Amino acid sequence: MRILIVEDEKGIGKFLRDGLKEEGFAVDIALDGNSGLELSRQNEYDIILLDWMLPGISGIEVCRNIRKVNTAVPIIFLTAKDTVSDTIFGLEAGANDYIRKPFAFEELLARIRVQLRTENAETTLLSVGDIELDINTHIVRKNNIEIPFTQKEFALLEFLLRNKNKVCTRTRIIEHVWDIHFDADTSVIDVYINALRKKLTAGEEKGYIQTVRGVGYIVREP
Ligand code: CA
């Protein structure tokens, strides 16, 4: 899943980016309000973390402007503005959640996962056939046996499973699994898909990830 962080304090931005990348997220950072807004329009983010006090336009203005065109993307304020009225103001500007600095990374992660919960998921497990992916522990199991996955492989499988039974175009896969530094060579997707297929099916004939020729990939129940 891909996250936009709008944060002018480079230390906090780096801390967030490193932590979230370790969790398998693709992460872009904007250092001021205007570039944050610009990036939010250019890319399809799964979640946005937004500071309030920013150079240029404030986080509140960024939030309101995003909401004019995009009501769906979850926005979490992450700010030193810590009064109850600040929190209410932030939520009324269109944010889904509000976290005060200093914050605990584990709590931020939990709140991000709340926002990313799939429609009917009371669980943190995604599955297809005998494959199970646990979003919290980052463990993939086949028939209850753990399979080792790299972060990127995990992120790709998570995205495909969140969109089970829907075609994922190559463009959407890049948008949601890779960050802004992706060099546009889409063949890297095929390399990762092949790696997933090997790990998931281990030589069996029936695969879970099907190619939709010229378009992308789809995960279906067998
Ligand atoms: Ca700030």
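Q: Requested: an account of the overall build of the chain, with residues and values cited.
A: A count of helices and strands for the chain gives eight helices and twelve strands. Burial statistics for the chain: of 222 residues in total, 47% are counted as buried. A separation threshold of at least 6 residues defines the contact pool for the chain, and within that pool the share at least 24 residues apart is 58%. Total accessible area computed for the chain in this model is approximately 11,200 Å², and 50% of it derives from carbon and sulfur atoms. Here the chain carries 29 positive and 35 negative side-chain charges, and the mean point of each set is 4 Å from the other.

Q: Any details on the sheet that holds strand β10 (residues 168-169)? Residues and values, ideally.
A: Sheet strands pair by backbone hydrogen bonding; their relative direction is either parallel or antiparallel. With respect to topology, three strands assemble into an open sheet ordered β10-β12-β11, the strand pairing being antiparallel. At either margin of the open sheet sits one strand with a lone partner, and together these are β10 and β11 (209-212). In this structure, β11 lies alongside strand β12 (residues 216-219), joined through four bridges in antiparallel fashion. Bridge pairing in β12 links Thr 211 to Tyr 217. Contacting β10, β11 and β12, helix α6 (residues 151-162) runs over the sheet at an angle of about 70° to β12. Each of β11 and β12 is contacted by helix α8 (residues 187-201), which is oriented at about 145° to β11, the strand it contacts most.

Q: Account for the sheet that holds strand β1 (residues 2-6), with residues named and values stated.
A: Here five strands make up an open sheet; going across it, the order is β2-β1-β3-β4-β5 and the pairing parallel. Looking at which strands have only one partner, the edges of the open sheet turn out to be β2 (26-30) and β5 (97-100). When strand polarity is set aside, the average angle formed by the axes of neighbouring strands in this sheet is 20°. Against the sheet, helix α4 (residues 84-92) engages β4 (75-79) and β5, with an angle of about 145° to β5.

Q: I'd like to hear about the nonpolar core, residue by residue, with values.
A: Grouped together as the largest cluster of nonpolar side chains are 47 residues, with contacts concentrated most on Leu 20, Ile 112, Leu 160 and Ile 173. Here the element with the most residues in this core is α6; it accounts for seven residues. Split by domain, the residues of this core number at least three in each of domain 1 (2-116) and domain 2 (125-219). Core analysis: the second largest hydrophobic core is formed by 20 residues, Tyr 45, Ile 48, Trp 52 and Val 73 among them.

Q: Give me the lowdown on the coordination of the calcium ion, citing residues and values where you can.
A: Of the protein atoms, only Asp 8 (OD), Asp 51 (OD) and Met 53 (O) coordinate the calcium ion, at distances of 2.1 to 2.3 Å. Each donor residue of the calcium ion lies on the same chain, and together they follow the pattern D-x42-D-x1-M. Here the residue Asp 8 occupies a position in the loop between β1 and α1 (10-22), and Asp 51 occupies one in the loop between β3 (47-50) and α3 (59-69), the gap between them amounting to 43 residues. Overall, the relative accessible area of 29% leaves Asp 8 in the partly exposed class. With relative accessibility at 3%, the residue Asp 51 sits in the buried group.

What counts and what doesn't
Residues numbered from 1 in each chain as written. Predicted model: local features only at pLDDT ≥ 70, side-chain atom pairs only at ≥ 80, totals over all residues. Heavy atoms only, no water. Helix = DSSP H or I, 4+ residues; strand = E, 2+ residues; numbered from the N terminus. Buried < 20%, exposed > 50% of the residue type's maximum accessible area, 1.4 Å probe, protein only. Contact = heavy atoms within 4.5 Å. Areas by Shrake-Rupley, 256 points an atom, 1.4 Å probe, with all protein chains shown as cover. Lys, Arg positive; Asp, Glu negative; His and termini not counted. Charge placed at Lys NZ, Arg CZ, Asp CG, Glu CD. Pairing = 2+ DSSP bridges. Axes fitted to C-alpha atoms, helices over the stretch in contact; angles between N-to-C directions. Core = buried A, V, L, I, M, F, W, Y, C linked by side-chain atoms within 4.5 Å. Domains from an automatic or database assignment. Donors = N, O, S within 2.8 Å, 3.2 Å for Na, K, Ca; no water.

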